[in-house]
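Now for the letters of each chain:
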Amino acid sequence: MEGSSRYGRQIAFKGVGEDGQARLSRARAAVIGVGALGTAIANSLARAGFGFVRLVDPDRVELGNLQRQALFDEDDAAAGSFKAEAAAARLSRINSTVVLEPIVARVDASNVDAVIGDVDVVLDGTDNFESRYLVNDACRRRRLPWIYGGVLGDSGVSMNVLPDGPCLRCLMPEAPEPGSYETTAEAGVLNQITAIIASIESAEAMKIVIGSPRVRRTLASISLWDASFHLLEVARAPSCPLCGPSANVRR
Ligand SMILES: [Zn+2]
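A brief look at the structure comes next. (Residues numbered from 1 in each chain as written. Predicted model: local features only at pLDDT ≥ 70, side-chain atom pairs only at ≥ 80, totals over all residues. Heavy atoms only, no water.)

Okay, the sheet that holds strand β6 (residues 155-161) next. One open sheet accounts for eight strands, arranged β3-β2-β1-β4-β5-β6-β7-β8; its pairing is mixed. Looking at which strands have only one partner, the edges of the open sheet turn out to be β3 (99-103) and β8 (228-233). Within this sheet the neighbouring strands show an average axis-to-axis angle of 15 degrees, counted without direction. Where β6 and strand β7 (residues 218-223) come together, four bridges link them in antiparallel fashion. Its bridge partner being in β7, Ser158 is matched across the sheet by Ala220. Running over the sheet, helix α8 (residues 129-142) touches β1 (28-32), β4 (121-124), β5 (146-152) and β6 and is turned about 165 degrees from β5. (Pairing = 2+ DSSP bridges. Helix = DSSP H or I, 4+ residues; strand = E, 2+ residues; numbered from the N terminus. Axes fitted to C-alpha atoms, helices over the stretch in contact; angles between N-to-C directions. Contact = heavy atoms within 4.5 Å.)

Structure (structure tokens):
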């Protein structure tokens, strides 16, 4: 069996095993944003043997992306390749058994349901809160798990948004206005923190599709420069329009 040799080290890990690997091979994931986080996430999912990975990003590869966006090279930047397509081409050479679906588009209200409609888990590779809140609300409506991740400077956070747990609006009721928060263009970002947050998101996605009881229910917050790693409890907010008592979506 091809899987036994390709995934031998992963199957040998007790948390995965043969059964977990078989579940991974049937699992469908959508990665929203194929930049620093998204390339590292997609690389991880494809190598781990997810059955299907959708890659959604509107942008083209630029030289300034290569410091941290692991699936691209100078040829992609020179050609101005679309990130979703360049990532899919690279990953298809790494694992031809994965069905890869590049979508060159920005996630918006018109396409979000189609983008997440037929997958088991959604992973956040975006760099903005407008997209995250769209994904949060759409996944909530479908009771679909999604994994929030964000990076800035040397720091990052990640939280699993599970159907029976708190959502992004429980943390912050509304998306911060564009321009009201620092971006990586202003504050910079280290490729080490994107790799860590992407790895956390990918590992949680594996646990979710395998059906592991070890899926994390806290918010992970990491600073590399301070060498700090915190797990914070987050509760469903009674005032949350999606999770509170007046919401249509119930526990
Ligand atoms: Zn909520």
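On to the coordination of the zinc ion. Protein coordination of the zinc ion is provided by Cys167 (SG), Cys170 (SG), Cys240 (SG) and Cys243 (SG), with donor distances spanning 2.3 to 2.4 Å. Relative to the metal, the four donor atoms surrounding the zinc ion lie at angles of 101 to 126 degrees, and the coordination shape comes out tetrahedral. When the donors of the zinc ion are listed by position in the chain, the intervening gaps give C-x2-C-x69-C-x2-C. Taken as a pair, Cys170 in helix α9 (residues 168-171) and Cys240 in the segment after β8 lie far apart in primary sequence, 70 residues in all. (Donors = N, O, S within 2.8 Å, 3.2 Å for Na, K, Ca; no water. Tetrahedral: all angles 85-135°; square planar, octahedral: opposite > 155°, others 65-115°.)

Attention now moves to the nonpolar core. Membership of the largest hydrophobic core comes to 44 residues, with the highest contact counts inside it found for Leu45, Phe50, Val53, Leu55, Val121 and Leu123. Those elements giving two or more residues to this core turn out to be β1, α4 (36-48), β2 (52-56), α6 (83-94), β4, β5 and α11 (191-210). Of the residues forming this core, the biggest block, nine residues, is contributed by α11. When sequence neighbours within four positions are dropped, the list of residues in contact with Val121 reads Arg28, Ala29, Ala30, Phe50, Leu144, Pro145, Ile147, Ala205, Ile208 and Val209. (Core = buried A, V, L, I, M, F, W, Y, C linked by side-chain atoms within 4.5 Å. Buried < 20%, exposed > 50% of the residue type's maximum accessible area, 1.4 Å probe, protein only.)

Its location among the elements puts Asp137 in helix α8. Residue Asp137 is classed as buried on the basis of its relative accessible area, which comes to 16%. Once you skip the residues sitting within four places of it in the chain, Asp137 turns out to touch Arg169 and Leu242.

In this section: the packing of aromatic side chains. A complete count under the given rule lists three aromatic pairs for this structure. Pairing Trp146 with Tyr148 gives two aromatic rings, centres 6.3 Å apart and planes at 55 degrees, and the pair type is tilted. Ring-pair connections join several aromatic residues into one group, and the members of that group are Phe129, Tyr133 and Tyr181. Sitting over the ring of Phe52, Arg28 keeps its end group 3.9 Å from the ring centre. The aromatic ring of Phe129 is capped on one face by Arg132, whose charged end is 4.9 Å from the ring centroid. (Phe/Tyr/Trp six-rings, centres within 6.5 Å; stacked < 30°, edge-to-face > 60°. Lys NZ or Arg CZ within 6 Å of the ring centre and 35° of its normal.)

Quick look at the layout of surface pockets now. Estimated volume of the largest pocket: approximately 870 Å³. Around the largest pocket, the lining comprises 38 residues; the ones closest to its centre are Gly125, Thr126, Asp127, Asn128 and Thr184. At the level of elements, α4, α8, β5, β6 and α10 (184-187) are the ones that each hand at least two residues to the lining of the largest pocket. Examining the composition of the lining of the largest pocket, we find that four residues originate from one element, β5, more than from any other. (1 Å grid on protein atoms, 1.4 Å probe; cavity = no way out; pocket = protein on both sides within 12 Å on 5 of 7 lines; lining within 4 Å. Points joined across faces, edges and corners; volume = space filled by probe spheres on them.)

Between its first and last C-alpha, α4 extends 19 Å over 13 residues, near the 18 Å set by a 1.5 Å rise per residue. Burial runs high along α4: ten of the 13 residues are buried. Buried residues of α4: Ala36, Leu37, Gly38, Thr39, Ala40, Ile41, Ala42, Leu45, Ala46 and Ala48, and no others. Immediately beyond the C-terminal end of α4, within one or two residues, lies Gly49, with a positive phi of roughly 95 degrees. (Expected span 1.5 Å × (residues − 1).)

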